[in-house]
Structure formats: structure tokens, C-alpha cells
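If you want the building blocks of each chain, they are given just below.
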Amino acid sequence: MTVLLVALLLMLALLSFWRMVKGKLEPKPNYPRGLSSLPVIGSLFHFAGHTQLHLLFHRLQQTYGSLYSLYMGSNFVVVVNNYLHAKEVLLKKGKIFGGRPRKVTTDLLSRNGKDIAFANYSPIWKCQRKLVHSALSMFGDGSLALEKIICQEAASLCEILSATQDSPLDMAPELTRGVTNVVCSLCFNSSYQRGDPEFEAMLQYSQGIVDTVAKESMLDIFPWLQFFPNKDLALLKKCVQVRDQLLQQKLVKHKEMFSSDSVNDLMDALLRAKLNMENNNSHLLPGQELTDDHLLMTVADIFGAGVETTTTVLKWTVLYLLHYPEVQQKIQEEIDQELGFNRYPLLDDRQHLPYLEATISEILRIRPVAPLFIPHEALMDTSIGEYDIPKGAHIVINLWSIHHDEKEWEKPGEFNPGRFLDKDGKRIYSPSSSYLPFGAGVRVCLGEVLAKMELFLFLSWTLQRFTFSVPEGHTLPEPEGKFGVVLQVPTFKVKATLREAWKSKVIDQ
């Protein structure tokens, strides 16, 4: 027994010695400079009192440089604040950094990553993305069908503004309904009327999701917290349940009416792809099949992201136009000069309204919809610039820093649509390569084309006919957003006044 104990101790001593020698022989990883950390909590004590993570990460680069690391609990996180490093992650090594960290809230939202936004880079993910891209192409850029849908919703919005003009109005739900109907037409070939109970339920569950998902909350950093009472988790579960009930109803109806010869919307396209796979017209391996969960979560992605992001940009634009009435006036003068008063705007008019396009570009720069991109995960050991990045590292790209980089943008804190115009003010362009409002690479935003169409048409239609101002007795909030999966706009009221030239106009749509 004694001999066995001595032998065991000798073996442990040799193992310890070998590890020490090996550690000295092997070079230490050259990780980005890191924030100090403590056991269990990591670097979280640096976050105390800071709810706006994008602003905190922006300030930290003054001390740690534009690429630095930290620990969120036990998770090793690399924060990217420079567009050159961001493009290396998104473009040059897009597949290597194509992973997504598993989180409690996003797993619940996406049924364990069966969607597009929060799923890992994989064969089934590529298949889903290709299907959505094909479906969007059915209505593609310049499509008369989709343009007609958006114009119908823009006209409906104008009717509401006309009926409530000169009275304080919260435009947020009206903008949301208009954008929702566009996406509904794309996904389900349906739409909502004002006051529809299903639409009201959708508004509530969407806000609940925005308030609880992808905020680097304690629940996501310490997953074991899900086993204790948690107010945010309870809210998220309730909202997801309502969402899934609505989506399940849509799926059942589409299955009942489905015909592979007639594809009218995204749900039909996904059902046909699933049928083709079941008929062995797929190269996916067993376990990589397109299930009903994949269908539902893919539509939920397009529906949720497509509505919330575009609506957020529209709300930011209206708020900035209230703060900068001279910009609103200049847009209206451009519309008056180029379009006149006898017809409504069309997509072809984008080339003739560069100042409006520049204003949209500046909104996307100064108030990026997602100030922090959804985190990426390194799928293997790799590097960013001169630094080593281990497999499993979470990569956070701070778009706020990239769009407010003083080395790339002149006076980045100032709202200046003119920065996106040439010296003659006639052509739209990007003055910096660090402009990434829709991301880049394999995970670039699928809805970029649709979003740009909606932003142009909704804004051109409303500004052609109405002037927005602050209602008497109301205070206009400062354009400071609330951090979340999107940069949320403060609540405000608008007075929409029909412009003099349009008071007697009646135009066929």
C-alpha cells in the first residue's frame, strides 16, 4: 500500500513537472489586450452602472485599443471597434467566424438555433438562407409587385396622418403596422387592418422580445439562472408562446391550401423545399432535414427582424427630422422639384432624390439599428490582425464605434446628410469604407434590399404630403437610444400637417 502511494505521488510530481516544462516550451497565445477579470464573474465588474454596452465598449478602446478582450462570466469575448478588423471577421474569415454562441434567450426564441439569425453556420443553415434569398428574389429589387404592396401601405399611412392631422400622434404603431403588412404579404400573403386584435397581440409580443433578447443579460452569461424565478425569462416565454401560436396557425392554413405548382409567399416556398427534401432531392445528411420547426423559426426571423429593424429606422428618421426641420424642408423641396404635385413617388425616383437617400444613409450611420451585431463565434483557432483568437471565442462587433470613428468620419457625432453626397449634391456615395449598416459577408442582412425600398417609399410618400412638427405642449426627447437587440427609440408625439399644395389634390393611386 505504501509503495503504491509513493508511486502515485511520484507520478503526479512527474506530471506536474512535465506540464511546467511544456508550458515554458510552448509559446503563450498572443490574445488581444484584456480587461482585468475575477473568478466566476469575469470582467463584469467593469460594467457596473453601464446599461448602454455599445457606448461602454466605445469608451474602453481609449484604454485598451480598438481590439480588446474580456470575460463575460467564463466566456472569452473579443470586442471589435475597427472596420478593418470587422471586415476580416465578416468577409475574409466569414466562415471561420460564422458560429453563434448558444444563449438561453436566443435558444428559447429560435427553438435551439433552428432559425437563420441565431443558428450556427452549417449545411442546413445555408439551405435555409438560400431559400429565403430565393423567396425574396421573387419580389426582388425593382419588382412591381412588392413596390405596389409598399405603396399601398404608404398610402394607408398617409390616410391615417390625414385623419389625425394637427393632433398629437404616436406614429410608432402606425409605422409598425405598415411595415408589418409588407412583411406579412411577403411571408403569408396577408395583411392587417388598423386595430386588428392579432396585430395588437403581435405588437405586445414583439416589444417583449426586444426588451429581453440578445442584451448580454445575466441570464445569458450565467445560464444556471434559468432554474430560478426570473421576470425577464417569464416575459420572454410568454411572448414566444403567443408568437408561436400565431405562426402555427399560419403554417396549418398554408399546409391546407398548399400546392407545389403555386408558390405565393415565403411560407409556400419553404413548404415546397421541405417536400422536395422529403422526396430525396437534397444532399443534406440524416439529421439535417428541414423540419416544421425550421420553417416556423425561419419565418419568425424574417417577420421579427424585418419589422423591428425597418420600423426602428423610420422612427429614428422622424425624430431626427423633428430635431432638424431644415433637413425636412430640404427633402420636401427636392421632392417638389423632381416629382411635382401630380403623382406619388416610385422606386425609380430614388436616383432623382439623392438628399432623401443621403438622409436615410446618415440615420443608419449615426443611429445604427443594431449597435452591437449579434455575436459571432470562432469555429476554430484563428486570428484577427496580429492577435490569436481561440476556438469558441465570442466576437462582438461594435458597429457604433465603427460608425463614430473620428479617423473615418468628420465630426461623427453630428447629424449631416450632406456627408453622403458628392460636392455637387447630386450623387449618393459612402465617404468611408467603414460604413456597414447591414453587415457584410456570409451573414449580411438578407432584408437589405427590402428595407431600403420600404425606407425610401414610406418617407417619400409621407414627406411629399405632410410636414412633421412637435405638438404644442409636448417636449421632444433627445435622440438617445436604449440598448437592446435594436437601438430603441424614445417615445414621442408628432403633429402631421397637410402641406398647402396638397390640400386640394386628389391623385389616382
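All chains considered together, the criterion is met by 18 aromatic pairs. With centroids separated by 6.1 Å and ring planes inclined at 50°, the aromatic side chains of Tyr64 and Tyr68 adopt a geometry described as tilted. With respect to class, Tyr64 is no different from Tyr68; both count as buried. Measuring from centroid to centroid gives 5.0 Å for Phe420 and Tyr435, while their planes differ by 55°, and the two rings are tilted. You can see Phe420 sitting in the loop between α15 (399-403) and α16 (448-465) and its partner Tyr435 sitting in the loop between α15 and α16, a full 15 residues away along the chain. Accessibility classification places Phe420 together with Tyr435 in one group, the buried group. Joined through ring pairs, the aromatic side chains of Trp316, Tyr320, Tyr324 and Phe415 make up one cluster. Its guanidinium or amino end placed over the ring of Trp409, Arg365 lies 5.5 Å from that ring's centre, counting from NZ or CZ.

Okay, the sheet that holds strand β1 (residues 67-72) next. With respect to topology, four strands assemble into an open sheet ordered β1-β2-β6-β3, the strand pairing being mixed. This sheet does not close on itself; its edge strands, each paired only once, are β1 and β3 (376-377). Where strand β2 (residues 75-80) and strand β6 (residues 394-397) come together, four bridges link them in parallel fashion. Note on β6: the bridge partner recorded for Val77 is His394. Taken strand by strand, helix α2 (residues 53-64) contacts β1, β2 and β6, and its axis lies near 115° from that of β1.

Turning our eyes to something else, we now look at the packing of helix α12 (residues 292-323) against α16. Across the interface, α12 lies against α16 with an axial gap of 10 Å and an inter-helix angle of 35°. Handedness of the crossing formed by α12 with α16: right-handed. For the pair α12 and α16, contact is made by Thr310, Val313, Leu314, Thr317 and Leu321 and by Ala451, Glu454, Leu455, Phe458, Leu459 and Leu463, respectively.

Quick look at the nonpolar core now. Residues Ile150, Leu161, Met171, Ile331, Phe458, Trp461 and Phe468 are the most contacted members of the largest nonpolar core, which totals 67 residues. Contributing elements (two or more residues each) for this core: α6 (144-163), α7 (172-188), α12, α13 (325-339), α14 (354-366), α16, β7 (466-469) and β8 (495-498). By residue number, the principal contributor to this core is α16, which donates ten residues. Those residues in contact with Phe468 that lie beyond four places of it in its chain are Leu161, Met171, Val318, Leu322, Gln328, Thr462, Leu463, Val494, Lys495 and Ala496. In terms of nonpolar packing, the next biggest core, distinct from the first, is built from 42 residues, Ile124, Val213, Leu251 and Ile302 among them.

A few words on the environment of Tyr387. In this fold, Tyr387 is placed in strand β5 (residues 387-389). A relative accessible area of 22% means that Tyr387 is categorised as partly exposed. For Tyr387 and Arg33, which are 354 residues apart along the polypeptide, the C-alpha to C-alpha distance reads 9.2 Å. Look past the residues within four positions of Tyr387 in its chain and what remains in contact with it is Asn30, Tyr31, Pro32, Leu67 and Thr382.

A separate point is a nonpolar patch on the surface. Judged by side-chain polarity, Leu38, Val40, Ile41 and Phe45 come together as a nonpolar surface patch covering roughly 360 Å² of accessible area. Within the element layout of this structure, Val40 appears in the loop between α1 (2-25) and α2.

Okay, α14 next. Over its 13 residues, α14 runs 18 Å from end to end, which matches the ideal 18 Å to within 8%, given 1.5 Å per residue. Most of α14 is tucked away: 13 of the 13 residues are buried.

On β6, burial covers both faces: His394 and Val396 on one face and Ile395 and Ile397 on the other are all buried. In this structure, β3 lies alongside β6, joined through two bridges in antiparallel fashion. By the bridge assignment for β6, Glu377 is matched with His394.

Scanning all chains against the criterion turns up 16 salt bridges. Note that Asp424 and Lys423 form a salt bridge whose closest N and O atoms lie 3.9 Å from each other. Taken individually, Asp424 and Lys423 each receive the classification exposed, so the pair is uniform in this respect. Connected through salt bridges with shared partners, the residues Arg111, Arg243, Asp244 and Asp293 form a single ionic network.

Reading guide: rules and limits
- Residues numbered from 1 in each chain as written.
- Predicted model: local features only at pLDDT ≥ 70, side-chain atom pairs only at ≥ 80, totals over all residues.
- Heavy atoms only, no water.
- Phe/Tyr/Trp six-rings, centres within 6.5 Å; stacked < 30°, edge-to-face > 60°.
- Buried < 20%, exposed > 50% of the residue type's maximum accessible area, 1.4 Å probe, protein only.
- Helix = DSSP H or I, 4+ residues; strand = E, 2+ residues; numbered from the N terminus.
- Lys NZ or Arg CZ within 6 Å of the ring centre and 35° of its normal.
- Pairing = 2+ DSSP bridges.
- Contact = heavy atoms within 4.5 Å.
- Axes fitted to C-alpha atoms, helices over the stretch in contact; angles between N-to-C directions.
- Left-handed = near helix turned anticlockwise from the far one by under 90°.
- Core = buried A, V, L, I, M, F, W, Y, C linked by side-chain atoms within 4.5 Å.
- Patch = residues over 30% accessible without salt bridge, like charges linked within 9 Å, V, L, I, M, F, W, Y side chains within 5 Å.
- Areas by Shrake-Rupley, 256 points an atom, 1.4 Å probe, with all protein chains shown as cover.
- Salt bridge = Lys/Arg side-chain N within 4 Å of Asp/Glu carboxyl O.
- Expected span 1.5 Å × (residues − 1).

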